[in-house]
Amino acid sequence: MSRTIRRKHLLAGLATAGVLGVGIAAPTIAFAADTPTPAPSASTAPAPGAKADRQNEFAEALAKELGVPTDKVTAALEKVREQHRPADRPQRPSAEDRQAALKQRLDQAVKDGKLTQEQADAITKAIEAGVFPGPAGHRGPGGHGGPGGHGRPGAPAATPGK
């Protein structure tokens, strides 16, 4: 009789495990099937200079609407931007400064043995070709403090797994 009870317990345990497995797996599979996987495409990433192009288009449209020269509107918009820039917000470094800082970091990584010169050259070439989104030195979608960022400017990059 004890053998029959053990068999019943075993079958009940297996049935419970099967129900739990289906109960956990089914919603997971359904959720995965419902969420479309975005296909990587060149059209989703903004082209380099796209922001400047949009700003120029805006200035031209505004100039046309107001009946004034475009350069006058552009100068006025720049003046207003400067006036409304928070005093504690530092001026963004120029593209040349960011490129020089990147070169220094890559040279240091080569010197420290973290990268080979070929890898550093490939990174530089990829950035110049616009493979990475945003300007050189951009650290993820949120910049320094956003998702993918590293906190404060100049902070060392976090080492994965630490």
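Caption draft 1: Looking closely at a positive patch on the surface. A cluster of like positive charges, contributed by Lys51, Arg54, Arg89 and Arg92, occupies part of the molecular surface. In this fold, Arg54 is placed in helix 2 (residues 50–66). Taking the relative accessible area as the measure of exposure, Arg54 reaches 52% and is therefore exposed.

Caption draft 2: Representation of the environment of Glu60 in the model. Relative to the helices and strands, Glu60 is located in helix 2. On the accessibility criterion, Glu60 (46% relative accessible area) is partly exposed. Residues Glu60 and Thr70 lie 10 residues apart in sequence; the distance between their C-alpha atoms is 5.4 Å.

Caption draft 3: Fine view of the packing of helix 2 against helix 3 (residues 70–83). Put simply, helix 2 and helix 3 touch, their axes get as near as 8 Å, and they point 120° apart. The angle between helix 2 and helix 3 falls in the class oblique. The two elements helix 2 and helix 3 cross, and the hand of that crossing is right-handed. Residue-level inspection shows Gln55, Phe58, Ala59, Glu60, Leu62 and Ala63 of helix 2 in contact with helix 3, the latter providing Thr70, Val73, Thr74, Leu77 and Arg81. For the contact of helix 2 with helix 3, a count of residues per class yields six nonpolar, three polar and two charged.

Caption draft 4: Just the pattern of salt bridges, in detail. Tallying each qualifying case throughout the model produces two salt bridges. The shortest N-O distance in the salt bridge between Glu78 and Arg81 comes to 3.2 Å. Of the two residues, Glu78 and Arg81 both sit in helix 3, three residues apart, roughly one turn of that helix. Across the pair Asp107 and Lys103 runs a salt bridge whose closest N-O atoms are separated by 3.3 Å. Placement of both Asp107 and Lys103 in helix 4 (residues 95–111) is noted, with a separation of four residues, approximately one turn of the helix. Since its relative accessible area comes to 36%, Asp107 is described here as partly exposed.

The rules behind each value
Residues numbered from 1 in each chain as written. Predicted model: local features only at pLDDT ≥ 70, side-chain atom pairs only at ≥ 80, totals over all residues. Heavy atoms only, no water. Patch = residues over 30% accessible without salt bridge, like charges linked within 9 Å, V, L, I, M, F, W, Y side chains within 5 Å. Areas by Shrake-Rupley, 256 points an atom, 1.4 Å probe, with all protein chains shown as cover. Salt bridge = Lys/Arg side-chain N within 4 Å of Asp/Glu carboxyl O. Lys, Arg positive; Asp, Glu negative; His and termini not counted. Charge placed at Lys NZ, Arg CZ, Asp CG, Glu CD. Helix = DSSP H or I, 4+ residues; strand = E, 2+ residues; numbered from the N terminus. Buried < 20%, exposed > 50% of the residue type's maximum accessible area, 1.4 Å probe, protein only. Axes fitted to C-alpha atoms, helices over the stretch in contact; angles between N-to-C directions. Parallel < 35°, antiparallel > 145°, perpendicular 65-115°, else oblique. Left-handed = near helix turned anticlockwise from the far one by under 90°. Contact = heavy atoms within 4.5 Å. Nonpolar A, V, L, I, M, F, W, Y, C, P; charged D, E, K, R; others polar.

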